[in-house]
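Residues per chain are reported as follows:
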Amino acid sequence: MDEIRHRGKVAVVTGGGHGIGAATVRRFLAEGAAVLACDVNPKGLTRLADEFGDARLATRVTDVSDEQQVTAMIEHAVERFGQLDVLVNNAGAITMGTVVDVEPVDWRRIMAVDLDSVYYGSRAAIPHLAATRGNIVNTASISGLAGNYGLVAYCTAKGAVVNLTRNMAIDHARQGIRVNAVCPGPVNSHPGGMMDHPNMKPVYERNIPMGRVGMPDEIASVIAFLASDDASFITGANLVADGGLTAHTGEPNFQELYADEFHARKKPQ
C-alpha cells in the first residue's frame, strides 16, 4: 500500500460507517488523506472515531436522500479541512421485489438513496473539485450492468448511476475533474448477513469463477486507485470488481456437463 498516495488530499465518503464505506475510509486514512466519513447510522461512525481518534478523521451523521443535508456535508468538509479533492458516493439501499411487488414509497426510497444522493453530492462538490482538479468515485454495481431477479428498483438505480458517471465525466473533464465508478459484484459487507446465508454461499461459490464473494477491503482498494493520480487518464469508467462473475455468459458449465467427452478427447488415440 502506498502510504503517501493521498497525502494532503481531502475525501468525503458517504455510507462511511460500515462495509465498503468504512473500508474506504480506512484506506484513505492509511494513504495519508483527511476524511469526512458520513452515514445515516451514527454507530458505525462512532466505531471509526474510537478506532482512529485522528485529527485527519471527521464524522457526520447524514441522510443522503436529503439534498440539504448532503450540501451541508460537503460544506462541512471544506470548512473543516480547507478543500475537497475526492467525493466517494458510496451510500446505498436495497429492496426486493418486481415492479408489481415494490410499493411506490419503497421505489422512491431506493431512488433517493442510491441515485438522487449521487446527484446531490456531485452537484455540491463539483465547484470545490474544480478548484483542486479533484475527482468523484461512485459505488455502482454489476446490478447496474445487467438485471437481477427480484431487484428491479436497485438494478434500475444502479444502472442510472452507471450512466450518470459517464455523463458527469464528459461534462466536467475540461474542468480537470475525473468521474469514475466501481461496479462490485457480491461483497461480504456484513459478516453473518445475506452473503453468509446457507443457501446463498454455495451458489456464489459455484457461479463466481474465483469461487468466493469479495471483501470490503478489495473494493476500497479499487476506489482508492480510481481516486489517485495513478488513474490520471481514467474518467467515465465503470470498473468491474466481481471475481469474474460477469465474464460468464450464464450458460451451463459445458466441461462439467460433457465431462466424459472432454476426457475422451484428451486420451491418446
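This one's a predicted model, so the numbers in the text were calculated from it and none came from an experiment.

### Things to note about the overall build of the chain
For step 1, the next point in the chain: Secondary structure summary: the chain contains nine helices and seven strands in total.
For step 2, the next point in the chain: Its C-alpha radius of gyration of 20 Å places the chain within 12% of the 18 Å reference for a compact globule of 269 residues.
For step 3, the next point in the chain: Each of the three principal axes of the chain carries a C-alpha extent, and together these read 75 × 45 × 40 Å.
For step 4, the next point in the chain: The 269 residues of the chain split such that 46% are buried.
For step 5, the next point in the chain: Total accessible area on the chain is roughly 13900 Å²; 53% of this is exposed by carbon and sulfur atoms.

### Some remarks on the sheet that holds strand S6 (residues 178-184)
For step 1, the next point in the chain: Taken in spatial order, the seven strands of this open sheet run S3-S2-S1-S4-S5-S6-S7, and their pairing is parallel. Looking at strand neighbours, the two that pair on one side only are strand S3 (57-61) and strand S7 (238-241), the edges of this open sheet. Each strand axis lies, on average, 15 degrees off the axis of its neighbour in the sheet, ignoring direction.
For step 2, the next point in the chain: Across four bridges, the pairing between S6 and S7 is parallel.

### Describing the packing of helix H1 (residues 19-30) against helix H7 (residues 216-227)
For step 1, the next point in the chain: Where H1 contacts H7, the two axes come as close as 8 Å, and the packing angle between them is 55 degrees. Classified by the angle between their axes, H1 and H7 sit oblique to one another. The crossing of H1 and H7 is right-handed. Contact residues: Gly-19, Ile-20, Ala-23, Thr-24, Arg-27 and Phe-28 in H1; Pro-216, Asp-217, Ile-219, Ala-220, Ser-221, Ile-223, Ala-224 and Ala-227 in H7.
For step 2, the next point in the chain: Residue composition of the contact of H1 with H7, by class: nine nonpolar, three polar and two charged.

### A word on the pattern of salt bridges
For step 1, the next point in the chain: Under the counting rule described, the total for this entry stands at eight salt bridges.
For step 2, the next point in the chain: Where Arg-26 meets Glu-51, a salt bridge forms, and the shortest distance between an N and an O atom there is 2.9 Å. Placement of Arg-26 in helix H1 and of Glu-51 in helix H2 (residues 42-52) is noted, with a sequence separation of 25 residues between them.
For step 3, the next point in the chain: Residue Glu-51 is classed as partly exposed on the basis of its relative accessible area of 44%.
For step 4, the next point in the chain: Two residues, Glu-31 and Arg-27, come together in a salt bridge whose shortest N-O distance is 2.7 Å.
For step 5, the next point in the chain: In this structure, a network of salt bridges that share partners links the residues Arg-5, Arg-27, Glu-31 and Asp-230.

### Side note on the nonpolar core
For step 1, the next point in the chain: Membership of the largest hydrophobic core comes to 45 residues, with the highest contact counts inside it found for Val-12, Leu-36, Met-73, Ile-74 and Leu-84.
For step 2, the next point in the chain: Of all elements in the fold, only strand S1 (10-14), strand S2 (34-39), helix H3 (67-81), helix H4 (104-132), helix H5 (152-172) and S6 reach the threshold of two or more residues within this core.
For step 3, the next point in the chain: Ranked by residue count, the leading element in this core is H4, at ten residues.
For step 4, the next point in the chain: In this view, Met-73 contacts Val-12, Thr-14, Leu-36, Cys-38, Arg-60 and Thr-62; residues no more than four positions away in its chain are not counted.

### Re the packing of H3 against H4
For step 1, the next point in the chain: Here H3 crosses H4 at 30 degrees, and the two axes come no closer than 8 Å. The angle between H3 and H4 places the two elements in the roughly parallel class. Note that H3 runs across H4; the crossing there is right-handed. Along the contact surface, H3 presents Glu-67, Val-70, Thr-71, Ile-74, Glu-75 and Val-78, while H4 presents Tyr-120, Gly-121, Arg-123, Ala-124, Ala-125 and His-128.
For step 2, the next point in the chain: Of the residues that constitute the contact of H3 with H4, the class distribution is six nonpolar, three polar and three charged.

### Description of the pairing of strand S5 (residues 135-139)
For step 1, the next point in the chain: Burial runs high along S5: five of the five residues are buried.
For step 2, the next point in the chain: For strand S4 (residues 86-89) and S5, the ladder comprises four bridges, and the chain directions are parallel. Its bridge partner being in S5, Val-88 is matched across the sheet by Val-137.
For step 3, the next point in the chain: Following the backbone out of S4, through H4 and into the adjacent parallel S5, one traces a crossover that is right-handed.
For step 4, the next point in the chain: Bridge analysis of S5 against S6 gives five bridges, and the strand direction is parallel.

About the criteria used
- Residues numbered from 1 in each chain as written.
- Predicted model: local features only at pLDDT ≥ 70, side-chain atom pairs only at ≥ 80, totals over all residues.
- Heavy atoms only, no water.
- Helix = DSSP H or I, 4+ residues; strand = E, 2+ residues; numbered from the N terminus.
- Rg over C-alpha atoms; globule rule 2.2 N^0.38 Å.
- Buried < 20%, exposed > 50% of the residue type's maximum accessible area, 1.4 Å probe, protein only.
- Areas by Shrake-Rupley, 256 points an atom, 1.4 Å probe, with all protein chains shown as cover.
- Pairing = 2+ DSSP bridges.
- Axes fitted to C-alpha atoms, helices over the stretch in contact; angles between N-to-C directions.
- Parallel < 35°, antiparallel > 145°, perpendicular 65-115°, else oblique.
- Left-handed = near helix turned anticlockwise from the far one by under 90°.
- Contact = heavy atoms within 4.5 Å.
- Nonpolar A, V, L, I, M, F, W, Y, C, P; charged D, E, K, R; others polar.
- Salt bridge = Lys/Arg side-chain N within 4 Å of Asp/Glu carboxyl O.
- Core = buried A, V, L, I, M, F, W, Y, C linked by side-chain atoms within 4.5 Å.
- Right-handed = clockwise from strand over helix to strand, strands pointing away.

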